Structures are given as structure tokens and as C-alpha cells.
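Residue-level listing of the chains:
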Amino acid sequence: MTEENLEKKILPNYVGRGKFLENLSGNSLYALEKKYLLRNEEGEVSETTAEAVYRMSRTMASVEKNYGKSEQEVDKFTNEFYDIIADGLFSPAGRIWTN
């Protein structure tokens, strides 16, 4: 997966799985939409919650390239980070997403 694929929304098949969304309160969904979801030039939300979780997972995993990991290893870490977040085991935004 490359940054170009992310911009074109060519996402792995695991994006969208997990129970993350069902665990979010109304306040969390509001904060997520207002602060974390990407917007287009018109200010409209341009990604889903699952896509945002993938974007964050990819960003965290991409750091591994600085330590000699291959693109395939970064893809594996992205999947692992995605699963951890999507299953509610870790929240990159801390209490904002979990309250």
C-alpha cells in the first residue's frame, strides 16, 4: 500500500471490519467528525471512520521504514494496528474517542 493508493482510496479488504464504531458514544462520534475525519476543499467530510482508522494505522506503521522495515512489513504492521484500534483495544485519540 502506498500513499498514492491511500489518496485514491484503494484500501485493503480488512478496512471496515471490527467493532470500533459500535463502541463509540454520540459525543465520540461528534468529536471524531469535527476533529479527526479529513475534509475536502469545500469543508465536507471526505473519509469514513474506517478510513480514518486505516490512515492512522498506516501513519503509525510507516515509522518502521525509518528502522529498515520493508513495505511488506509496514503493510503487516498497518493491518495489526488497524485490528487493535478497530477492536477497541487502543485509541490513538485517547479519551476523546472513548467518552
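Before reading further, recall that the structure is shown in the block above.
So, how was this worked out
- Residues numbered from 1 in each chain as written.
- Predicted model: local features only at pLDDT ≥ 70, side-chain atom pairs only at ≥ 80, totals over all residues.
- Heavy atoms only, no water.
- Helix = DSSP H or I, 4+ residues; strand = E, 2+ residues; numbered from the N terminus.
- Expected span 1.5 Å × (residues − 1).
- Buried < 20%, exposed > 50% of the residue type's maximum accessible area, 1.4 Å probe, protein only.
- Core = buried A, V, L, I, M, F, W, Y, C linked by side-chain atoms within 4.5 Å.
- Contact = heavy atoms within 4.5 Å.
- Phe/Tyr/Trp six-rings, centres within 6.5 Å; stacked < 30°, edge-to-face > 60°.

Looking at this structure, I do not really get helix H3 (residues 49–62). What am I missing?
It helps to recall that an α-helix has 3.6 residues per turn; residues three or four apart then point in one direction. When the terminal C-alpha atoms of H3 are compared, their 20 Å separation across 14 residues agrees well with the 20 Å that a helix rising 1.5 Å per residue should span. By the criterion of burial, H3 is predominantly enclosed, with eleven of the 14 residues buried. Within H3, burial applies to Thr49, Glu51, Ala52, Val53, Tyr54, Arg55, Met56, Ser57, Arg58, Ala61 and Ser62.

What's the story with the nonpolar core in this structure? I'm lost.
Note on soluble globular proteins: their nonpolar side chains tend to be buried together. Grouped together as the largest cluster of nonpolar side chains are 13 residues, with contacts concentrated most on Tyr14, Val15, Phe20, Val53, Tyr54 and Tyr82. Going through the elements one at a time, H3 and helix H4 (71–86) are the ones with two or more residues in this core. Setting aside anything within four residues of it in sequence, one finds Tyr14 in contact with Tyr54, Asp75, Thr78, Asn79 and Tyr82.

Can you walk me through the packing of aromatic side chains in this structure?
The geometry of an aromatic ring pair is captured by the separation of the ring centres together with the interplanar angle, meaning the angle of the planes. Scanning the model with the defined rule gives two aromatic pairs in all. Measuring from centroid to centroid gives 6.3 Å for Tyr14 and Tyr54, while their planes differ by 50°, and the two rings are tilted. Separated by 40 residues along the polypeptide, Tyr14 in the loop between helix H1 (3–7) and helix H2 (26–36) and Tyr54 in helix H3 bring together distant segments of the chain. For the pair formed by Tyr14 and Tyr54, the shared burial category is buried.

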